[in-house]
Amino acid sequence: MSRTMLLASTKRGLFLLSSEDRKEWQIDRHTMQGKVVYNAALDPRTGRMFATDNNVFFGSKLLYSDDMGETWQEPARGIEFPEASGLALQNLWIIEPSEDEPGRVYVGVDPASLWVSDDNGENWSMNEGLQSHPTRERWNPGNGGLCLHSIVRDHSDKDRMWIGISAVGCMRTEDGGKTWTHANKNTRQDFGPELYPEYGQCIHRLVQHPDKPDVLYQQNHCGVYMSENGGDDWIDIRNNLPGDFGFPIALDRHHPETLYTVVVEPWGRHNYGDQFTVYRSQDAGGSWESLSDGLPNGTGVKLGVLRHGMWADTADPCGVYVGTNTGQIFASDDRGDSWQMIADFLPPVNAVRAVTLD
Amino acid sequence: MVRVHIPSQLLQRTGRRRVVDVEGGTIRSVIEALERDYPGLLFNICRETGDLRPFVNVFLEGEDVRYLAGLETTVSSGDTVHIFHSVAGGS
């Protein structure tokens, strides 16, 4: 029987939850205690767990564990900018073990930079093409910093990859990371003099269709978008959503036209009204339905979800998980039709990521 | 030798030693000596750009080196250096 593990990265530590049936959940471990964890991942190829230790005092670093979070080590050569770059690492934002490149793991950081390891996270090197991009000096940070938060490697073309940087936008490489181009056509920037600039958009999260590699979806500061041509241009798929400001987006891998997002009031950064709601589209954003069965309702219900705070697992029907900035985790084992709270009283949740273990 | 007091958060670097002795003529060279003896401490104390981390405070004989000559502050054998993180607990 398979078991589902949920890695919940929080403002104070990493929580590991598990379930045999995705109905009964338990918290197995609170690890990285006291550390600010933006993101964590379990590499299914090696069983190695990675987590970001973002430390405003003594510097941020990547850690890994080979015993499911009981003990943690630093890489032999970690993520540190060369002095000549003039850059200093602020926070690590995203960890993406590659699905089909042996030993390869990607990490995105603030200031916007892509790091690569080819030995399961032991030694790290910086992607030079992004570092020397001709527009780099004009990149501006979002509220969370100049963070590279989304890494989407094309499963159909080893040389193609997309990244998301706030507030630069979507960027694409087609030569294995040697050069990068902006890919933001028709995505809005409501906070600058030009509504549709070449770059400067505040992308919040980016995912790829598992079967149609040219199809991408993004939740943006200013809209929800789909691209059907690998990011050449984008189509606004907000449609009947109550707003277009949100952070996360996820999809059902077995039904990839099924999308999930949480849109929030732009200034309050919490649910509209008194009902915490997850939104689902079953036609690639053509229309959206409100999912609220089992989600909290009431005058004081004001929940927000950060960009990595939503995940859809790989089962069919897929499980969907949402961690809030007030320390709850909600889970659905039926594609979002119904929900239950599986954890409460956690520190604010930065990220959730589910892994199915055999 | 210069006597350096290590903050509790960095004791894993020094094998749990709270006080270590290193050679050095300036605060910068003291930190470089710490890095030689206890790899990783340089990254913890200074950013990659070489400057002191914003929320790390280094005191020489009780004086914050930011109000002396910073990392170029001269130290003498027998001096005591304390490393602390600053109070930044609002988040």
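Residues numbered from 1 in each chain as written. Chains lettered and ligands numbered in written order. Predicted model: local features only at pLDDT ≥ 70, side-chain atom pairs only at ≥ 80, totals over all residues.

Trainee: Give me the nonpolar core: which residues, what numbers.
Mentor: The biggest cluster of nonpolar side chains holds 98 residues, and the ones touching the most others in it are A:A8, A:A40 and A:Y321. Not counting residues up to four positions away in its chain, the partners in contact with A:Y321 are A:L6, A:M310, A:W311, A:I329, A:A331, A:V352 and A:A354. With 21 residues, the next largest nonpolar core counts B:C46, B:L60, B:V65 and B:I83 among its residues. (Core = buried A, V, L, I, M, F, W, Y, C linked by C-beta atoms within 7 Å. Buried ≥ 20, exposed ≤ 12 C-beta atoms within 10 Å, placed from the backbone. Contact = placed C-beta atoms within 7 Å.)

Trainee: Tell me about the sheet that holds strand 2 (residues 13-19) of chain A, and please be specific about residues and values.
Mentor: Residue and element names in this part refer to chain A. The strand order across the open sheet built from four strands is 3-2-1-27, with neighbouring strands paired in antiparallel fashion. The strands lining the two open edges of the sheet, one partner per strand, are strand 3 (26-31) and strand 27 (349-357). With direction set aside, neighbouring strand axes in the sheet form an average angle of 20°. Relative to strand 27, strand 1 (residues 3-10) is paired through eight bridges, and the arrangement is antiparallel. Each residue of the ladder has a partner; that of T10, found in strand 27, is V349. (Pairing = 2+ DSSP bridges. Helix = DSSP H or I, 4+ residues; strand = E, 2+ residues; numbered from the N terminus. Axes fitted to C-alpha atoms, helices over the stretch in contact; angles between N-to-C directions.)

Trainee: Account for helix 1 (residues 27-37) of chain B, naming residues and giving values.
Mentor: All names here are of chain B. Of the positions making up helix 1, those classed as buried are I27, V30, I31 and L34. Along helix 1, the residues classed as buried sweep out an arc of 100° about the axis, all on the same side. Buried residues along helix 1 sit against strand 1 (2-5), strand 2 (19-22), helix 2 (41-45), strand 3 (56-60) and strand 5 (80-85). (Arc of directions from axis to C-beta.)

Trainee: Give me the environment of A:S132: which residues, what numbers.
Mentor: Considering the arrangement of structural elements, one finds A:S132 in the loop between helix 1 (128-131) and strand 11 (147-153). A sequence separation of 47 residues divides A:S132 from A:T179, and the C-alpha atoms of the two residues are 9.0 Å apart.

Trainee: Please provide a residue-by-residue account of the sheet that holds strand 14 (residues 181-182) of chain A, values included.
Mentor: All names here are of chain A. Spatially, the four strands line up as an open sheet ordered 11-12-13-14, and their pairing is antiparallel. The sheet is open, and its two edges are formed by strand 11 and strand 14, each paired on a single side. Across five bridges, strand 12 (residues 161-166) lies against strand 13 (residues 169-173) in antiparallel orientation. Along strand 13, the bridge assignment pairs I163 with M171.

Trainee: Break down unusual backbone geometry for me, with residues and values.
Mentor: Residues and elements named next belong to chain A. With omega at 0°, the peptide bond leading from S166 into A167 counts as cis. The topology assignment puts A167 in the loop between strand 12 and strand 13. Each neighbour pair has its own omega, and for D316 with P317 the value is 5°, a cis peptide bond. One non-glycine residue with positive phi stands out, namely F345, at about 65°. Looking at the secondary structure, you find F345 in the loop between strand 26 (340-343) and strand 27.

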